[in-house]
Amino acid sequence: MTANLSDSPLLMDCHTHSRHSFDGKEEISALCEQAVSLGLSAYAVTDHCDLYPPRYPVEALKTAICQSVDQVAAWRDAHSTTTRILTGFELGEAVDYPDLAEEFLALRPVDLVIGSIHRTGDIVDFYYLDCAAIPREEIYRLLEDYFRRQIRLVEWGKFDVLAHVTYPLRYIVGDAGIPIDLARFAPLLDELLSKVIERDLSLEVNSSGLRQKIGVPLPDETILKRYYQLGGRRISLGSDAHGLPDLGAGIADCQQLLKKLGFTELTFYQQRQPHTLSL
Ligand SMILES: [Zn+2]
Ligand SMILES: [Zn+2]
């Protein structure tokens, strides 16, 4: 509850997971109640919809996403709150399975779709990568592949918010303690950020890094500054909570950082249409 002690109100947490994610455990009702008690202006449940087939049978995943979206919508219909309760999901690895992605997008009308990449090459998820066992140059090669995948995802573009653009650093820098110089990816990152801006998508600031070893949001200040310099203004904010205690965690710090960098508003989505909240 420390977030409540901040002098500025928490505006949004639009990236959270319920028990309908393979790695989540909370009931939708508990999450929505917590979002309301934190006084959030906008709150979204965005369960995992990772299209990498070996991880889930597709039909089970479709059922999970439908249950998640339907339960959020039912909770919203049954409660009158000042918090906008939003439906959505986190669509992972859509560039590898565009046809399957279309099937998921057609399942239910939702408020927002988060686009994300968790994998590279043959690695199912950076989470499983033994960074310490891999030569440094190979890590840089995997990172380059990761950023290129994100560029392809943005070019595909059938989502609203690009999630955690520095996701691999959570494991490489945070967990394995391997320093990474992102300066060598500057042209690639500029291309990625420019395409996000061109397509009028939102760049997500994912506060999970603040409570993990890496200790900074994903992405961090350097990339957010560059996004602003390039003309990027659409920002979505999410805790990536997989349990109640993390809902809203780090959001106040991220809001403060964004204000410092010159951002004046956050963007959330209702029925896939952007709306803004003043920072
Ligand atoms: Zn993710
Ligand atoms: Zn997530």
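**Concerning the overall build of the protein chain**
If you tally the helices and strands in the protein chain, you get 8 helices and 9 strands. Against the compact-globule benchmark of 19 Å for 279 residues, the protein chain has a radius of gyration of 18 Å, which places it among compact chains. The proportion of buried residues among the 279 residues of the protein chain is 44%. Sequence-distant contacts in the protein chain: of pairs separated by 6 or more residues, those separated by 24 or more amount to 78%.

**Here's the deal with the confidence of the model for the protein chain**
Here the protein chain averages 94 in pLDDT, while 96% of its residues score no lower than 70. Low pLDDT (under 50) marks residues 1–5, which in the prediction has 7 contacts with non-local residues, meaning those over four places away or in another chain.

**Looking at helix H4 (residues 136–156)**
Between its terminal C-alpha atoms H4 stretches 30 Å, which fits the 30 Å expected from 21 residues at 1.5 Å a residue. Turning to H4, its buried residues number three or more, namely Leu143, Tyr146, Gln150, Leu153 and Val154. End-on view of H4: buried residues confined to an arc of 95 degrees, all on one side of the axis. Within H4, the exposed residues directed more than 90 degrees away from the buried face are Glu137, Glu138 and Glu155. On its buried side, H4 packs onto strand E4 (112–116), strand E5 (161–162), helix H5 (167–175) and helix H6 (186–198).

**Some remarks on the packing of H4 against H6**
Direction vectors running N to C along H4 and H6 enclose 20 degrees, while the axes themselves pass 9 Å from each other. Judged by the inter-axis angle, H4 sits roughly parallel to H6. Crossing handedness for the pair H4 and H6: left-handed. Side by side, H4 and H6 meet where Glu144, Phe147, Gln150, Ile151, Val154 and Glu155 of the first sit next to Leu188, Leu189, Glu191, Leu192, Lys195 and Val196 of the second. Among the residues forming the contact of H4 with H6, the class breakdown is 7 nonpolar, 1 polar and 4 charged.

Rules behind the numbers
- Residues numbered from 1 in each chain as written.
- Chains lettered and ligands numbered in written order.
- Predicted model: local features only at pLDDT ≥ 70, side-chain atom pairs only at ≥ 80, totals over all residues.
- Helix = DSSP H or I, 4+ residues; strand = E, 2+ residues; numbered from the N terminus.
- Rg over C-alpha atoms; globule rule 2.2 N^0.38 Å.
- Buried ≥ 20, exposed ≤ 12 C-beta atoms within 10 Å, placed from the backbone.
- Contact = placed C-beta atoms within 7 Å.
- pLDDT = per-residue confidence, 0-100.
- Expected span 1.5 Å × (residues − 1).
- Arc of directions from axis to C-beta.
- Axes fitted to C-alpha atoms, helices over the stretch in contact; angles between N-to-C directions.
- Parallel < 35°, antiparallel > 145°, perpendicular 65-115°, else oblique.
- Left-handed = near helix turned anticlockwise from the far one by under 90°.
- Nonpolar A, V, L, I, M, F, W, Y, C, P; charged D, E, K, R; others polar.

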